[in-house]
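So you can see what is in the structure, the chains are spelled out below.
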Amino acid sequence: MPLAEAGTLGAEEPLSPLARQRTQEHTPKDNPSMSYVSEKAERRAVFGKQVKVLLTPLSMEEEKRNKRLPQKRLLEKFSSTEGPSEREPKVKKSRDDPTSQQIRDVSYKASSSPQGVIPSMSSLHHKSRMVSPTNASVTVDHDSENNWDTDSEGSNSDVSYVDGSSQLSAYERKRLKNITENANFFASLKLLESAARLRKMATKGQSHGIKRVKPKKTEAETVRRRSMRLQRVDPSGVPLPEIPAQPEPVIDEYPQLPPGPLPMVPTNQNKSSELTDGFLDTWTKISQINPNDTEKHICNLERYKASLSHMILSEDAVTKVVKNRIYSVAIHPSESRTLVAAGDKSGQIGLWDLNSKSEDGVYVFIPHSQPVSCMYFSPFNPVHLLSLSHDGTVRCGDVTRAIFEEVYRSEEKRFSSFDFLANNASTLVVGQWDGDVAIVDRRTPGTSSELTANVNAKTTRTVHVHPVNRQYFIAAGAVNVCIFDTRYLKPNENKPISFLSGHTKSVASAYFSPITGNRVVTTCADDMLRVYDTSSLSSTISVLTAVRHNNNTGRWLTRFRAIWDPKQEDCFVVGSMARPRQIEIFQDTGEQLHSFYNVDYLGSVCSINAVHPTKNILVGGNSSGRLHVFKD
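The shown structure was predicted, so the numbers you read here are calculated from the model rather than taken from an experiment. (Residues numbered from 1 in each chain as written. Predicted model: local features only at pLDDT ≥ 70, side-chain atom pairs only at ≥ 80, totals over all residues. Heavy atoms only, no water.)

Points about the overall build of the protein chain
For the protein chain, the helix and strand inventory stands at seven helices and 30 strands. When contacts within the protein chain are restricted to residue pairs at least 6 apart in sequence, long-range pairs at least 24 apart make up 59% of them. Here the protein chain has roughly 35,400 Å² of accessible surface; of this, 51% comes from carbon and sulfur atoms. (Helix = DSSP H or I, 4+ residues; strand = E, 2+ residues; numbered from the N terminus. Contact = heavy atoms within 4.5 Å. Areas by Shrake-Rupley, 256 points an atom, 1.4 Å probe, with all protein chains shown as cover.)

Structure (structure tokens):
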């Protein structure tokens, strides 16, 4: 019968009767002490089962994982206090460990044996112990289906297959000796004990929250060379005297202009002198008007509303007149030409002749150094343009003399507004930011006031004179709005004849109605427009009409000031925060009559407004120095 390939015998390829007989004749009977080992100890077979003999040297325990034992683990294995002779590796039995080193497993048929003897299981175990009683472990695998281990000479195993009389090869014994000597050397260094001690010290330091601070490296500072001039030393070596420190120059945002009259010369020097002279001549001619021309005529409400609807804003009626935010606007009372003036934050006054044939017809003058908060053409003699500034001056621009002369000046006070006390505009009442008011007579020489009176107010923002009974004026300031009689004014302890109640925040303005003075309109920061009945001046006057209105202009816009239309007794004009941007007109009953707007040419808030006394002309000024003129 031919030899079968190495594999599992039994059920797959049974023995012939002759082979079975020979096997029985040569098989020892009931003699466990007898065992037979062939010349090749690796080739053993059992009927139907496989026997694996794993010859594992003690020093090869870690070689079963196809890698060498790291030095750290060697140190741990040999770091005890026992002698080197006692540190023998232990025998470890393993069964089908996937990471262990596999030993060659050889199976063959019984007939292939030269002696024809198949050893029993007990004899196999006994003979394996004889081969290496202390240095080998035997594993019998009864469940394996593979009878051949195909490891060849290229295997990583360092096991040498010896016969019954051999133990380890010379190479393995030398390698084991080297490993043992190296382990003993590293153990003598006591590296593990030192590492454990250092680890314990580090843990102890962290538990107490001790942080080691690295010492800063001290670097040698480089010495910079300085010249003798910087050291303030004379070339001969004598120190120079110290120069006293000079005070830093204080840059004034609004430099004070010199006192006295200023020439009426436009700052936009591109204007030729001929144009300037022609403009001043035109201003003089249109100011020659009769007093009857300024009489105010009242029309009915329906006719007035119809006239408002005809007032439009065109492209040529919008231009930039001054450089900064507008604080005041005035309209010349002439009916032949339209001349408007605007005062800005920096003290400039710009005059715009809308009927001029030049490019823009704008002439800019600088009679003040701070915001021009109030400005009027004289109703008695319109050749005079009076202006008041926060810089503490009131000036009159006289076209006939082409100068801005000083009317009233104060070095300590800051002015807020003024109005004419007399019909001929010879006397003024001037409001001051500290709450006082001053009476100024233009006919007296000098620039001082006739009287300064304390009206018991924290501040005075606007003053306005009654149109009929001109001895009365109204002063608006913080929360209080009061009416005073100039005939009884004294420096201190002045009592008002009427008090307008109802305001909860600061009041920006308060004005009498233009014809009879029977109404007063106020603009308050509590987002209300209030109308009072002042036909009879009692001690306390209550609100007649209150209109809800957004007066929250913020920091960058001039505060709203509601003013009366000079042509209509019961209608007033005020700026608006609504979109599209517009200027609103209300009746004293609180009804909104009209809104002036133009989405093409009006895109900003017009805080300050003025109305022509006889014509349908409305001028609105914004915070960029631009004027918008609505006219029919």
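More follows now that the structure is in view.
Considering the sheet that holds strand β14 (residues 451-454)
If you trace the four strands from one edge of the open sheet to the other, you get β11-β12-β13-β14, paired in antiparallel fashion. Of all the strands in the sheet, just β11 (415-420) and β14 have a single pairing partner and so form its edges. With strand direction ignored, the average angle separating the axes of adjacent strands in the sheet is 20°. Pairing geometry for strand β13 (residues 436-441) and β14, over four bridges, is antiparallel. (Pairing = 2+ DSSP bridges. Axes fitted to C-alpha atoms, helices over the stretch in contact; angles between N-to-C directions.)

A look at the confidence of the model for the protein chain
In the predicted model, the protein chain carries a mean pLDDT of 78, and 67% of its residues have values of at least 70. A low-confidence stretch, residues 78-165 (pLDDT under 50), is modelled with 173 contacts involving residues beyond four sequence positions or located in other chains. (pLDDT = per-residue confidence, 0-100.)

Some points on the packing of aromatic side chains
Applying the stated criterion across every chain yields a total of 13 aromatic pairs. Geometrically, the ring pair formed by Y408 and F415 is stacked, given 4.8 Å between the ring centres and 10° between the ring planes. Considered together, Y408 and F415 belong to a single accessibility category, that of buried residues. An aromatic cluster is built from F279, W283, Y363 and F377, whose rings are joined through pairwise contacts. (Phe/Tyr/Trp six-rings, centres within 6.5 Å; stacked < 30°, edge-to-face > 60°. Buried < 20%, exposed > 50% of the residue type's maximum accessible area, 1.4 Å probe, protein only.)

A word on unusual backbone geometry
Cis geometry is found at the peptide bond from R579 to P580, where omega equals -5°. Note on placement: P580 falls in the loop between β25 (571-575) and β26 (582-587). Its identity as a non-glycine residue notwithstanding, A402 has a phi of 55°, on the positive side. With a phi close to 65°, D527 is a non-glycine residue in the positive phi region. Inspection of the secondary structure puts D527 in the loop between β20 (519-524) and β21 (528-533).

Considerations on the pattern of salt bridges
According to the stated counting rule, one finds 14 salt bridges in the structure shown. A salt bridge links R337 to D353, with the nearest nitrogen and oxygen atoms 2.7 Å apart. Here R337 is found in the loop between β3 (326-331) and β4 (339-344), whereas its partner D353 is found in strand β5 (residues 349-353), with 16 residues between them in sequence. Accessibility expressed as a relative area gives 7% for D353, which makes it buried. Its salt-bridge partner being R443, residue D441 comes within 3.0 Å of it at the nearest N-O pair. Because the salt bridges share partners, they merge into one network encompassing R395, E406, R409 and E411. (Salt bridge = Lys/Arg side-chain N within 4 Å of Asp/Glu carboxyl O.)

Focus on a nonpolar patch on the surface
Together, F185, L189 and L191 make up an exposed nonpolar region whose accessible area comes to about 290 Å². Relative to the elements of secondary structure, F185 occurs in helix α4 (residues 170-189). The exposure class of F185 is partly exposed, given its relative accessible area of 49%. (Patch = residues over 30% accessible without salt bridge, like charges linked within 9 Å, V, L, I, M, F, W, Y side chains within 5 Å.)

Examining the pairing of strand β29 (residues 617-621)
Judged by how many residues are buried, β29 sits mostly within the fold: five of five residues are covered. Neither face of β29 is left uncovered, since the one carrying I617, V619 and G621 and the one carrying L618 and G620 both have all their residues buried. Here strand β28 (residues 608-611) pairs with β29 via four bridges, running antiparallel. Its bridge partner being in β29, N609 is matched across the sheet by G620.

Looking at helix α7 (residues 301-309)
Of all the residues in α7, the buried ones are Y304, S307 and L308. Projected down its long axis, α7 carries its buried residues within an arc of 105°, all on one side. Opposite the packed face of α7, turned more than 90 degrees from it, sit the exposed residues E302 and R303. Buried-residue contacts for α7 involve β25, β26 and β27 (592-597). (Arc of directions from axis to C-beta.)

Side note on the sheet that holds β29
Strand order in this open sheet of four strands is β2-β30-β29-β28, and the pairing throughout is antiparallel. Each edge of the open sheet carries a strand with a single partner, namely β2 (312-320) and β28. Here the strands of the sheet are splayed against their neighbours by 20° on average, with no regard to which way each runs. Bridging between β2 and strand β30 (residues 626-631) involves five bridges; their strand directions are antiparallel. Bridging across to β30, K320 finds its partner in R626.

A word on the side chain of T393
Its location among the elements puts T393 in strand β9 (residues 393-398). We classify T393 as buried; its relative accessible area is 2%. Polar contacts involving the side chain of T393 include one to the side chain of H368, which spans 3.0 Å. At 2.7 Å, the side chain of T393 forms a polar contact with the side chain of D391. When neighbours within four sequence positions are excluded, T393 is seen to be in contact with H368, S387, L388, E406, Y408, R409 and F415. (Polar contact = N/O pair within 3.5 Å; in protein donor to acceptor, adjacent residues only side chain to side chain.)

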